[in-house]
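Read off the chains here:
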Amino acid sequence: NVKYTLGLSFPNLPYYIDGDIKITQSSTILKYIALRDPDQQLLGETDEQKVRVDMFYQQLYDTLFAFVMIVINPDYENLKAGWIEGFPKRFQEIEDFIGDRQFSAGDMVTYVDFFLYEILEWQLNFNPGCLDTFPSLKSVHDRIAKLDKIAAYLKSERCIKSPFTSPIAKWGN
């Protein structure tokens, strides 16, 4: 209920407050943090990388949205097998997009890599072993988890392992 007292335009979780700037919506928070990066590398360095990052974000969003529509569906138990069966095709496109890059835009991490990490965490919790045939995705996931500040957070008491979804969901709540 605190979120309603903070002067947020769209009271929601998560929210982020930086001085007078008050933000909700995960993607906006991620992009704001990337914009605050003094070197702006979290957005990508070149125009090609910036477009690649934005395009990849949209693709990942569509993927996550499709997954959420299944886990909030009252017919979830009948739909989950279809998601698992379709996982290889859906995630092969993402695997191919990463290719032999260290991260989605090349050798440096960008804000979209953190979103990818989150989606992969959801998928690994939903279907353990789902990345076994996706070496690029598994490598990016592992690289993100090993970044100093991420690794420290994952080991800390502040790390929230779940819930992934809202209470209305049939999985991850």
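Colleague: Run through the overall build of the protein chain, naming residues and quoting values.
Modeller: The helix and strand tally for the protein chain stands at 6 helices and 2 strands. Reading the protein chain from its N terminus to its C terminus gives the helix and strand order β-β-α-α-α-α-α-α. Summarising its shape, the C-alpha atoms of the protein chain cover approximately 45 × 40 × 30 Å along the three principal directions. Accessible area for the protein chain stands at about 10,600 Å²; split by element, carbon and sulfur atoms hold 53% of it. Averaged over its 18 positive side-chain charges, the protein chain has a centre that lies 5 Å from the centre of its 24 negative ones.

Colleague: Describe the packing of aromatic side chains, naming the residues involved and giving the relevant values.
Modeller: If you walk through the whole model with that rule in mind, you get 14 aromatic pairs. Between Tyr 57 and Phe 115, the aromatic rings sit 4.6 Å apart at their centres with planes inclined by 25°, giving stacked as the arrangement. Of this pair, Tyr 57 sits in helix 2 (residues 47–71) while Phe 115 is found in helix 4 (residues 111–126), placing the two residues 58 residues apart along the sequence. On the basis of relative accessibility, which here comes to 10%, the residue Tyr 57 falls in the buried class. Through successive ring pairs, a cluster of aromatic residues spans Phe 67, Tyr 76, Trp 83, Trp 122, Phe 126 and Trp 171. Between the NZ or CZ atom of Arg 52 and the centre of the ring of Phe 97, over which it lies, the distance is 3.6 Å.

Colleague: Talk me through helix 3 (residues 76–98); I want residue IDs and the actual numbers.
Modeller: The sharpest bend along helix 3 reaches about 45° and sits at Gly 86, with the proline Pro 88 one to four residues further on. Turning to helix 3, its buried residues number three or more, namely Tyr 76, Trp 83, Phe 87, Phe 91, Ile 94, Glu 95, Phe 97 and Ile 98. Against the buried residues of helix 3 lie helix 2, helix 4 and helix 5 (135–146). One or two steps after helix 3, the chain reaches Gly 99, where phi turns positive at roughly 60°.

Colleague: Account for the state of the cysteines, with residues named and values stated.
Modeller: Enumeration according to the criterion identifies 0 disulfides in this entry. Unpaired in terms of disulfides, Cys 130 finds its nearest cysteine sulfur in Cys 159, a separation of 18 Å.

Colleague: Can you tell me about the packing of helix 2 against helix 3, naming the residues and giving the values?
Modeller: Where helix 2 contacts helix 3, the axes come no closer than 9 Å and their chain directions differ by 170°. The angle between helix 2 and helix 3 falls in the class roughly antiparallel. Facing Arg 52, Met 55, Phe 56, Gln 59, Leu 60, Thr 63, Ala 66, Phe 67, Ile 70 and Val 71 of helix 2, the residues of helix 3 in contact are Tyr 76, Leu 79, Lys 80, Trp 83, Arg 90, Phe 91, Glu 93, Ile 94, Phe 97 and Ile 98. Each residue belonging to the contact of helix 2 with helix 3 can be placed in one class, and the counts come to 14 nonpolar, 2 polar and 4 charged.

Here is what the cut-offs are and how they apply
Residues numbered from 1 in each chain as written. Predicted model: local features only at pLDDT ≥ 70, side-chain atom pairs only at ≥ 80, totals over all residues. Heavy atoms only, no water. Helix = DSSP H or I, 4+ residues; strand = E, 2+ residues; numbered from the N terminus. Areas by Shrake-Rupley, 256 points an atom, 1.4 Å probe, with all protein chains shown as cover. Lys, Arg positive; Asp, Glu negative; His and termini not counted. Charge placed at Lys NZ, Arg CZ, Asp CG, Glu CD. Phe/Tyr/Trp six-rings, centres within 6.5 Å; stacked < 30°, edge-to-face > 60°. Buried < 20%, exposed > 50% of the residue type's maximum accessible area, 1.4 Å probe, protein only. Lys NZ or Arg CZ within 6 Å of the ring centre and 35° of its normal. Bend = angle between axes of the 7 residues up to and from the residue. Contact = heavy atoms within 4.5 Å. Disulfide = S-S within 2.5 Å. Axes fitted to C-alpha atoms, helices over the stretch in contact; angles between N-to-C directions. Parallel < 35°, antiparallel > 145°, perpendicular 65-115°, else oblique. Nonpolar A, V, L, I, M, F, W, Y, C, P; charged D, E, K, R; others polar.

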